[in-house]
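The lines below spell out each chain.
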Amino acid sequence: MPATIDEYLHTEHFPHIWCPGCGLGTVTGSFLRAALELGLKKEETVVVGGIGCSSRAVGYLDFSTVHSIHGRALAFATGIKMAHPQFTVIVLTGDGDGAAIGGNHLIHACRRNIDITCILFNNRIYGMTGGQLSPQMGEGGMATTAPYGHEEPAFDLCRLTEAAGATYVARGTAYGPRELQRLIKGGITHKGFSFIEAVTQCPTEFGKRNAPKGAIAMLEDMKARAINAKKAAALPPEELVDRIITGVLHEETGRPEFAQNYTDMLTRVRNTE
Amino acid sequence: MELWHSHILRETIDQDSLLVQGNRACALGALDSGVRFFAGYPITPSSEIMETMARELPLVGGVFLQMEDEIASICACIGASLTGEVAMTATSGPGFSLMQEAIGYAAVAEAPLVVVDVMRMGPSTGRPTTPSQGDVMQARWGTHGDHPAIVLAASNVADMYRLTMAAVRFAQRFRTPVTLLADEVVGHMRESFAPELVGRYRLTSGDFDFTEGYLRPDMVREVHPPHTLGRKGHPHVTGLIHDDTGFPTNDPKKSEQFLLQLHDKVVHHRDELCLYDVKNEGKGRVCIVAYGSCARSARAALKLAKEEGLPVEVLHLYTLFPLPVEIIQAVARRCEFILIPELNLGQYAREVRKMAENWTTVISMGKIDGTLITPREILDRLEELIGKYESI
Ligand SMILES: Cc1ncc(C[n+]2csc(CCOP(=O)(O)OP(=O)(O)O)c2C)c(N)n1
């Protein structure tokens, strides 16, 4: 059993591709600390990424790892989980990867309530491809493909996944890595589809064009805007505009999990045929 | 493994009828060759394959999933394949188009996978219930980049069974996606189909004994070390160009070596992969080269031609890619004409022409009105050609 998170890392592949000040490493660290607390086994833990800076995390992790194709990590993960329900399956995805090109797979994975933990690194921009807009950017955001300001609103991904059927939904920020670690740990131990939105900073591509600029200012901003779900519940909606509501936002234990349901169906069918 | 233990087949035999539909035979071949994971999305004219898998797979403890689209379907299959499951999906043109990116991933990640494309008339929605062979070049080059491709073509119900088995075997042995092409007529036709008879079928220079069922064959030597998820060594799998450790590389030499190895592992084994059948071998001045439903018409045309005393032979191809270069060249050396009837505007004829034009004249007989090419149409063309030849 690993004693430190270094043992879950392919440090021989460092230096990593992430820019100075990037929050993706912080979020990955929270995931690894949660994994360490849970003692996840390298063979039986399959971590699947899509394509993007965030998905590149899988290339540094010493689990069974799959760097799949853009947007499809959850579809790969569904095949893996259904073939081997005993595996712990974790998906690392970005806001473009998970909410744009992969949005359909996201809602269907929620609907199935398949026992996969999906951590979506939300930096509100396409980092890997050089600063194009993301569906999570929101109105007024500037990007190479929104040079006059973006006109579209963003999803509230936590409400979206809850409505689609996810049975564990949480949000944390790169400013609060310990809270994030706790939320991710909760997601991995939850049996059913767990969605964790990790709000993180991209000083290079987002910060270049949008305020606040620079990693520290972005983290300070996250700190100022974050509010725990319990506290938020006591506030009127107008005071929650632009706030980042964190914590476990939804948890449900009664709903059947898909892989288990399928296995039960197999037993039923084979007994009656 | 016990063959023919499928429910549907047992029912059919119980009812004293051995009429089996092509798409069902494909599913049965998949089950008998060890496919235990199927994910798909309904589309005419392929849906009966998934419907059969939906019914049969749970009975043998396998996984069947109807996914949200074809991209999800093929990606779920690749995920399962990476854990060591034998996986297959089936679709038709529009769905096959959606799958292309993932087919390239399976090629680069060396994930064994069978994709069945029951072709309908295209492009776009086309004519869904109409046969076509319009996806031949897509099956070869549909995904981007230089990649290997193994493409088989079924011409009847028995083919749907045994070529599915061959596809599974090739996919495992070469660790690459294998495409099985059928067309609407082959998928939907019902033929009498006796399991014992399909058992031994001479398809190639080597004998395939399908009664042995599915054996996990040894991998060819050119395959990179396989990375099975959930096993010792907790591997990394990626669609990036990578070296033998499985991790990405930008090294020009290693990149070239990686891609050449993918290519070589298929091309170096053409002898094993190229399944074909020659009728009236060495007796023709014209050779009809055909595959899929057109091969049936070609065989029937051969009978008529024999009655009329026309010197004709038929080369029936079951493997379209890798290109059967030596086989085509042998025919090209001995025949004055090669005639290629196909339900497209000469997609495969262009390939044959490249291989054969030094020795012979290649004539494309393409048809795209959605009807089959009849034996009579082929015969007319043969008479015309041989007449031309006589008068020279
Ligand atoms: C099918 C396809 N389309 C486009 C791309 C190019 N591409 C690579 S990463 C990416 C966006 C990634 O954005 P996000 O998921 O937000 O991740 P980030 O890099 O910001 O972490 C795009 C568009 C691709 N690889 N594949």
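In this text, all values refer to a predicted model and were calculated from it rather than measured experimentally.

Procedures and definitions
Per chain, residues are indexed from 1 in the order of the written sequence. Written order decides the labels, with chains lettered from A and ligands numbered from 1. Reporting in this predicted model follows two pLDDT cut-offs: at least 70 for local features of residues, and 80 or more for side-chain atom pairs to be given and counted; totals over whole chains, interfaces and linings ignore these cut-offs and use all residues. Think of the side-chain values as coming from all heavy atoms in the structure, minus any hydrogens and water. Only protein atoms enter the 1 Å grid used here, on which a cavity is any set of points holding a 1.4 Å probe that cannot leave and a pocket is any open set flanked by protein within 12 Å on both sides along at least five of seven lines; residues with an atom within 4 Å of a point are listed as lining. Grid points are joined across faces, edges and corners, and a volume is the space filled by probe spheres set on the points. We call Asp, Glu, Lys and Arg charged. Ala, Val, Leu, Ile, Met, Phe, Trp, Tyr, Cys and Pro are nonpolar, and the rest, Gly among them, are polar. Residue ranges for the domains originate in an automatic or database domain assignment. The contact rule is simple, with two residues in contact once any of their heavy atoms fall within 4.5 Å. Computed with a 1.4 Å rolling probe, the buried area is the accessible surface lost when two parts are put together, summed over both parts. The working definition used for a salt bridge is a side-chain nitrogen of Lys or Arg within 4 Å of a carboxyl oxygen of Asp or Glu. For this analysis, a polar contact is any N or O atom pair within 3.5 Å, provided that within protein one partner can donate a hydrogen and the other can accept it, and provided that sequence-adjacent residues contribute only side-chain to side-chain pairs. In this text, helices come from DSSP runs of H or I with a minimum length of four residues, and strands from runs of E with a minimum of two, each type numbered from the N-terminal end. By nonpolar core is meant a set of buried Ala, Val, Leu, Ile, Met, Phe, Trp, Tyr and Cys residues that side-chain atoms within 4.5 Å join together. Exposure categories follow from relative accessible area, calculated using a 1.4 Å probe and restricted to protein chains: below 20% of the type maximum is buried, above 50% is exposed, and the middle band is partly exposed. Criterion for a disulfide: a pair of cysteine sulfur atoms at a distance within 2.5 Å. Whether a residue is near a molecule or strand depends on its heavy atoms: it is near if one of them lies within 4 Å of it. Computed with the Shrake-Rupley method and a 1.4 Å probe, the accessible areas treat only the protein chains shown as cover for residues.

Student: Can you break down the layout of surface pockets residue by residue, with the values?
Tutor: Looking at the largest pocket, its volume works out to about 1,000 Å³. In the lining of the largest pocket, the residues fall into 17 nonpolar, nine polar and eleven charged.

Student: Quick rundown of the domain arrangement of chain B? Include the residues and the values.
Tutor: Residue and element names in this part refer to chain B. In terms of domains, chain B is made up of domain 1 (7–218), domain 2 (224–271) and domain 3 (279–391). The partner domain 2 presents 19 residues to the 17 residues of domain 1 that form the contact. Buried area between domain 1 and domain 2, both sides added, is near 1,500 Å², and the carbon and sulfur share of it is 60%. On the surface where domain 1 and domain 2 come into contact, there are one salt bridge. Taken together, domain 1 and domain 2 are joined by five residue pairs in polar contact (both at pLDDT 80 or more). It is helix α5 (residues 93–109) that provides the largest number of residues to the side of domain 1 that touches domain 2, a total of four residues. Considered class by class, the residues forming the side of domain 1 that touches domain 2 number nine nonpolar, five polar and three charged.

Student: Residue-level account of the environment of glycine 239 of chain B, with values.
Tutor: Inspection of the secondary structure assignment puts glycine 239 of chain B in the loop between β12 (236–238) and α10 (252–267). Sequence-wise, glycine 239 of chain B and alanine 107 of chain B are 132 residues apart; in three dimensions their C-alpha atoms are separated by 8.6 Å. In this structure glycine 239 of chain B touches His67 of chain A together with Tyr105 and Val108 of chain B, once residues within four positions along its chain are discounted.

Student: How would you explain the nonpolar core if you had to name every residue and give the values?
Tutor: Among the nonpolar cores identified, the biggest contains 138 residues, and Phe193 of chain A together with Phe37, Ile78 and Leu320 of chain B are the most heavily contacted of them. Among the nonpolar cores identified, the runner-up in size contains 34 residues, and Ala35, Leu40, Cys53 and Ala174 of chain A belong to it.

Student: Hey, could you go over the state of the cysteines for me, with residue numbers and the actual values?
Tutor: Evaluated as defined, the whole model comprises zero disulfides over all chains. In this structure cysteine 118 of chain A is a free cysteine whose sulfur lies 7.8 Å from that of cysteine 110 of chain A, the closest cysteine sulfur available. The structure places no disulfide on cysteine 77 of chain B, whose sulfur is separated from the nearest cysteine sulfur, that of cysteine 75 of chain B, by 9.2 Å.

Student: Lay out unusual backbone geometry in plain terms, naming residues and giving numbers.
Tutor: Cis peptide bonds are those with omega within 30 degrees of zero, and the linkage from threonine 44 of chain B to proline 45 of chain B qualifies with 5°. By the secondary structure assignment, proline 45 of chain B is in the loop between β2 (37–40) and α3 (47–56). Note the cis peptide between glycine 122 of chain B and proline 123 of chain B, where omega equals 0°. Even without being glycine, arginine 124 of chain A reaches a positive phi, approximately 60°.

Student: Would you mind going over the site of the ligand in detail, with residue names and values included?
Tutor: Of all residues adjacent to the ligand, which total 17 residues, the nearest are Cys53, Ser54, Asp97, Gly127 and Met128 of chain A. More than a single chain frames the ligand: its nearby residues are located in chains A and B. Within the backbone of aspartate 97 of chain A, a nitrogen or oxygen atom sits 2.7 Å from an oxygen atom of the ligand. Here the ligand has 590 Å² of accessible area as a free molecule, and 77% of this is covered by the chains. Those elements that place two or more of their residues in the shell around the ligand are α3 (95–101) and β5 (125–126) of chain A.

Student: So, the interface of chain B and chain A: which residues are in play, and what are the values?
Tutor: Of the residues lining the interface, 40 residues belong to chain B; the matching set on chain A comes to 38 residues. Contact with chain A buries area across many residues of chain B, yet Glu68, His234 and Phe247 of chain B alone supply 20% of it, more than any other trio. At the junction of chain B and chain A, the tally comes to one salt bridge. For arginine 112 of chain A, the salt bridge identified is with glutamate 68 of chain B, shortest N-O distance 2.7 Å. For the side of chain B that touches chain A, the secondary structure elements donating two or more residues are β3 (63–66), α4 (70–82), α5 and β12 of chain B. No other element matches the eight residues that α4 of chain B contributes to the side of chain B that touches chain A. Residue composition of the side of chain B that touches chain A, by class: 22 nonpolar, twelve polar and six charged.

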